[in-house]
2 protein chains.
Amino acid sequence: MNLNEADRLTAWKIANRLADAAGECCLRYFRSAGLTSDNKSAEGFDPVTVADRSAEEAVRRILSQERPSDGILGEEYGTTVGSSGWNWVVDPVDGTRAFIIGAPTWGVLVALNLGDAPVLGLIDQPFTGERFIGGFGRAELHRDGSVTALRVRNCSSLDSAVLMTTFPEVGTADERAAFERVRDRVKLTRYGMDCYAYALVALGQVDLVIEAGLKPYDIQGPQAVIEAAGGRVTDWQGGPAHNGGRILAAGDPAIHSAALRLLNPGT
Amino acid sequence: MNLNEADRLTAWKIANRLADAAGECCLRYFRSAGLTSDNKSAEGFDPVTVADRSAEEAVRRILSQERPSDGILGEEYGTTVGSSGWNWVVDPVDGTRAFIIGAPTWGVLVALNLGDAPVLGLIDQPFTGERFIGGFGRAELHRDGSVTALRVRNCSSLDSAVLMTTFPEVGTADERAAFERVRDRVKLTRYGMDCYAYALVALGQVDLVIEAGLKPYDIQGPQAVIEAAGGRVTDWQGGPAHNGGRILAAGDPAIHSAALRLLNPGT
């Protein structure tokens with residue numbers, strides 16, 4: 001399915017409108033007194049707050065009015081089947097653990113998916129006022145009314161690369177070992193920034209992100225932004241990233257390949 | 001040495017002026033194309049940039065004009081001995097590793113020390129526009145022209161506590177093991193936010209920070225802010241924190257004690 005210019009404009013506008021509404025909800029609760037979280041996980045700590053829920057409700061309200069035939073996949077309220085071929089993939093608060101400790105590294109993630117890889121995505125950080133958006137060959141950072149083109153940076157070898165991840169908090173022992181093979185080769189590794197790490201790849205500040213255990217709504221927004229900024233996002237086998245799981249994102253294709261080889265040493 | 005009301009006002013104004021000047025320098029270089037870092041460490045990676053240096057130069061220029069008899073301890077240019085009894089302790093960019101990857105979790109740290117613990121300190125994050133300042137019984141967050149009182153939160157037991165640290169990036173094996181004894185008891189641990197973690201304690205969003213290998217200029221600003229907000233900052237033995245080293249910061253004295261016991265299991 002290809003979108004004509006008018007459809008692309010509509011998609012771009014709707015994505016921004018969803019992020020505006022979700023971000024406004026989230027900011028109402030960010031650092032608010034008495035914000036509590038429920039734990040969604042039986043084994044660990046997977047918090048959800050009233051911010052996550054109300055932001056996704058706001059997104060769904062807009063879509064039901066403006067795009068009633070579109071499908072929705074949202075972290076908090078699951079799948080709504082559509083008939084238009086357009087599917088909105090939404091994580092109202094990516095990085096809820098950052099959100100509940102007051103750190104400005106969570107984000108609102110929105111992507112438009114027409115059946116395969118996302119064609120448009122955004123990462124919005126309402127507290128810093130940054131919106132990273134990419135799709136249809138455009139990638140931009142919007143902040144305080146100014147727009148900057150997003151472009152990944154060149155990085156030809158791992159020993160000059162900056163790597164980010166949410167590890168050591170997430171991942172199995174095997175996944176951690178694979179990650180550490182890359183970590184041991186790069187110049188600098190930084191931890192714990194959730195979706196903000198992907199934004200920094202698109203911004204040309206970070207070279208690699210390696211994560212595991214992601215859901216489709218965790219990666220489709222970031223994936224579209226990075227791809228539009230010239231980067232590469234796949235799973236750890238080099239296959240499609242949009243279903244989540246183990247993710248490798250890189251600004252420069254050369255270190256994407258180098259990291260893939262370290263993640264899969266036997267192949 | 002006790003400061004009268006006029007001296008306190010002067011100290012408060014000078015601290016803010018130093019942060020204004022340093023922050024302006026830093027923002028000029030933050031995310032700028034072509035920013036490079038030099039490595040100050042023989043063993044590892046301890047980056048310094050033109051932002052660190054020019055921000056400290058700006059601070060020293062102001063002090064040489066306004067407070068020529070004061071002493072200075074700065075990360076980049078060392079100690080300037082004074083005669084007034086006032087010593088300004090400055091880290092122009094705490095979290096240079098965050099700075100060079102474009103993440104907004106670094107900060108400008110300023111403290112005023114009259115010979116022992118700091119009496120006034122601030123943590124400034126110029127990109128988010130947040131200034132956390134504390135001393136003389138006042139603790140405030142300034143942002144966008146609004147002022148909010150800072151107050152640590154109550155947290156009576158470790159199993160409901162949020163812990164932050166720069167580990168696993170810093171620390172010896174023994175230090176990591178001690179840290180992990182606390183980590184294994186808390187509700188949530190988050191990594192890698194440098195001085196921003198201390199700001200979140202003062203803001204009542206985070207309960208504990210545990211770090212090692214700090215210098216006096218890394219801790220005196222945060223220490224003054226947290227103490228003015230009602231929290232407690234010591235070394236891992238419960239002694240003075242202002243010389244740096246191994247640091248334990250807590251919002252609630254109850255979990256400060258509980259964490260101390262885990263850091264020193266034999267005592």
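Residues numbered from 1 in each chain as written. Chains lettered and ligands numbered in written order. Predicted model: local features only at pLDDT ≥ 70, side-chain atom pairs only at ≥ 80, totals over all residues. Heavy atoms only, no water.

Taken residue by residue, the interface counts 33 residues in chain A and 32 residues in chain B. A buried area of about 2900 Å², summed over both sides, lies between chain A and chain B, and 59% of it is on carbon and sulfur atoms. Among the residues chain A hides against chain B, the three largest losses belong to Arg31, Ile101 and Arg190 of chain A. Together they make up 25% of the total. Among the ionic pairs, Arg190 of chain B bridges to Asp194 of chain A, the shortest N-O distance being 2.6 Å. (Contact = heavy atoms within 4.5 Å. Buried area = accessible area lost by both parts, 1.4 Å probe. Salt bridge = Lys/Arg side-chain N within 4 Å of Asp/Glu carboxyl O.)

Looking now at the sheet that holds strand S10 (residues 146–149) of chain A. Residue and element names in this part refer to chain A. Judged by pairing direction, the sheet is mixed, and its eight strands sit side by side in the order S4-S3-S5-S6-S7-S8-S9-S10 without closing on themselves. Single-partner strands in this sheet number two, and they are strand S4 (78–80) and S10. The average undirected angle you get between the axes of adjacent strands in this sheet is 15°. Against the sheet, helix H2 (residues 50–66) engages strand S3 (71–74), S4 and strand S5 (87–94), with an angle of about 155° to S5. (Pairing = 2+ DSSP bridges. Helix = DSSP H or I, 4+ residues; strand = E, 2+ residues; numbered from the N terminus. Axes fitted to C-alpha atoms, helices over the stretch in contact; angles between N-to-C directions.)

For the rest of this paragraph, the subject is helix H6 (residues 216–228) of chain A. All names here are of chain A. If you check H6, its first and last C-alpha atoms are 18 Å apart, about what 13 residues at 1.5 Å a residue would give, namely 18 Å. Counted residue by residue, H6 has ten buried out of 13 residues, so it is predominantly covered. Every buried residue of H6 is accounted for by Tyr217, Asp218, Ile219, Gln220, Gly221, Pro222, Gln223, Ala224, Val225 and Ile226. A positive phi of about 100° marks Gly230, the residue just after H6. (Expected span 1.5 Å × (residues − 1). Buried < 20%, exposed > 50% of the residue type's maximum accessible area, 1.4 Å probe, protein only.)

Residue and element names in this part refer to chain A. On inspection of all chains with the given rule, the structure shows 26 salt bridges over all chains. Ionic pairing is found between Arg246 and Glu175, a salt bridge with its closest N-O pair at 2.8 Å. Separated by 71 residues along the polypeptide, Arg246 in strand S15 (residues 245–250) and Glu175 in helix H4 (residues 173–183) bring together distant segments of the chain. Judged by relative accessible area, Glu175 falls into the buried class, the value being 10%. Members of the salt-bridge network, linked through shared partners, are Asp20, Asp124 and Arg131.

So, on to the packing of helix H4 (residues 173–183) of chain B against helix H7 (residues 253–263) of chain B. Helix-helix packing is characterised by the crossing angle of the two axes and by the distance between the axes. Residues and elements named next belong to chain B. The N-to-C vectors of H4 and H7 enclose an angle of 135°; their axes lie 8 Å apart at closest approach. With respect to each other, H4 and H7 are oriented oblique. The hand of the H4/H7 crossing is right-handed. Every residue of H7 that contacts H4 at Ala178, Phe179, Arg181 and Val182 is listed here: Ala259, Leu262 and Leu263. (Parallel < 35°, antiparallel > 145°, perpendicular 65-115°, else oblique. Left-handed = near helix turned anticlockwise from the far one by under 90°.)

Overlaying chain A on chain B yields an RMSD of 0.0 Å, the required transformation being a rotation through 180° with an accompanying axial translation of 0.0 Å. Expressed as a symmetry operation, the mapping of one chain copy onto the other fits a two-fold axis. Here 97% of the contact residues of chain A are again contact residues in chain B; the copies associate through an equivalent surface. (Least-squares fit on C-alpha atoms with pLDDT ≥ 70 in both.)

What follows is about the side chain of Gln220 of chain B. All names here are of chain B. Looking at where Gln220 falls in the secondary structure, it is placed in helix H6 (residues 216–228). A polar contact is formed between the side chain of Gln220 and the side chain of Asn113, at a distance of 2.8 Å. Filtering out sequence-adjacent residues up to four positions away, Gln220 remains in contact with Val89, Ala111, Asn113, Pro118 and His242. (Polar contact = N/O pair within 3.5 Å; in protein donor to acceptor, adjacent residues only side chain to side chain.)

Residues and elements named next belong to chain A. Taken domain by domain, chain A holds domain 1 (5–149) and domain 2 (158–263). Each of domain 1 and domain 2 has a C-alpha centre, and the two are 21 Å apart. Around 2100 Å² of area is buried between domain 1 and domain 2 when both sides are counted, 68% of it from carbon and sulfur atoms. On the domain 1 side of the contact with domain 2, Thr105, Ile123 and Phe132 bury the most area, a combined 25% of that side's loss. The tally of links from domain 1 across to domain 2 stands at four residue pairs in polar contact (both at pLDDT 80 or more). When residues of the side of domain 1 that touches domain 2 are traced back to their parent elements, those giving at least two are S3, S5, helix H3 (96–99), strand S6 (107–113), strand S7 (118–125), strand S8 (130–135) and strand S9 (138–143). Of all the elements, S7 adds the most residues to the side of domain 1 that touches domain 2, at six residues. Tallied by class, residues from the side of domain 1 that touches domain 2 come to 18 nonpolar, nine polar and seven charged. (Domains from an automatic or database assignment. Nonpolar A, V, L, I, M, F, W, Y, C, P; charged D, E, K, R; others polar.)

A few words on the sheet that holds strand S4 (residues 78–80) of chain B. Paired through backbone hydrogen bonds, the strands of a sheet run either parallel or antiparallel to each other. All names here are of chain B. Strand order in this open sheet of eight strands is S4-S3-S5-S6-S7-S8-S9-S10, and the pairing throughout is mixed. Lying at the two open borders of the sheet, with one neighbouring strand each, are S4 and strand S10 (146–149). Sheet twist, expressed as the mean angle between neighbouring strand axes with direction ignored, is 15°. Relative to strand S9 (residues 138–143), strand S8 (residues 130–135) runs antiparallel, the two being bridged by five bridges. Its bridge partner lying in S9, Phe132 is registered against Leu141. Of the strands in this sheet, strand S3 (71–74), strand S5 (87–94), strand S6 (107–113), strand S7 (118–125), S8 and S9 touch H6, which is tilted by about 100° from S7.

With that settled, consider unusual backbone geometry. Residues and elements named next belong to chain A. One non-glycine residue, Arg31, lies in positive phi territory at about 60°. Relative to the assigned elements, Arg31 resides in the loop between helix H1 (5–29) and strand S1 (37–39). Classification of Arg31 by relative accessible area gives buried; the value is 18%. Although it is not a glycine, Phe136 adopts a positive phi angle of roughly 55°.

Moving on: the packing of aromatic side chains. All names here are of chain A. Enumeration according to the criterion identifies 14 aromatic pairs over all chains in this entry. By the ring-pair criterion, three or more aromatic residues cluster together here, those being Phe30, Phe99, Trp106 and Phe127. Over the face of the ring belonging to Phe127 we find Arg31, whose NZ or CZ atom lies 4.6 Å from the ring centre. Over the ring of Trp86 we find Arg67, and its NZ or CZ is 3.9 Å from the ring centre. (Phe/Tyr/Trp six-rings, centres within 6.5 Å; stacked < 30°, edge-to-face > 60°. Lys NZ or Arg CZ within 6 Å of the ring centre and 35° of its normal.)

With that settled, consider H2 of chain A. Given a rise of 1.5 Å per residue, 17 residues ought to cover 24 Å, and the 24 Å separating the end C-alpha atoms of H2 of chain A matches this to within 8%. The N-capping residue of H2 of chain A, defined by a side-chain oxygen 3.0 Å from the backbone nitrogen of Ala51 of chain A, is Thr49 of chain A.

All right, on to the pairing of S3 of chain B then. Residue and element names in this part refer to chain B. Bridging between S3 and S5 involves four bridges; their strand directions are parallel. In the sheet register, Leu73 faces S5, and the bridge partner there is Val89. Where S3 folds back onto S4 in an antiparallel hairpin, the turn is made up of three residues.

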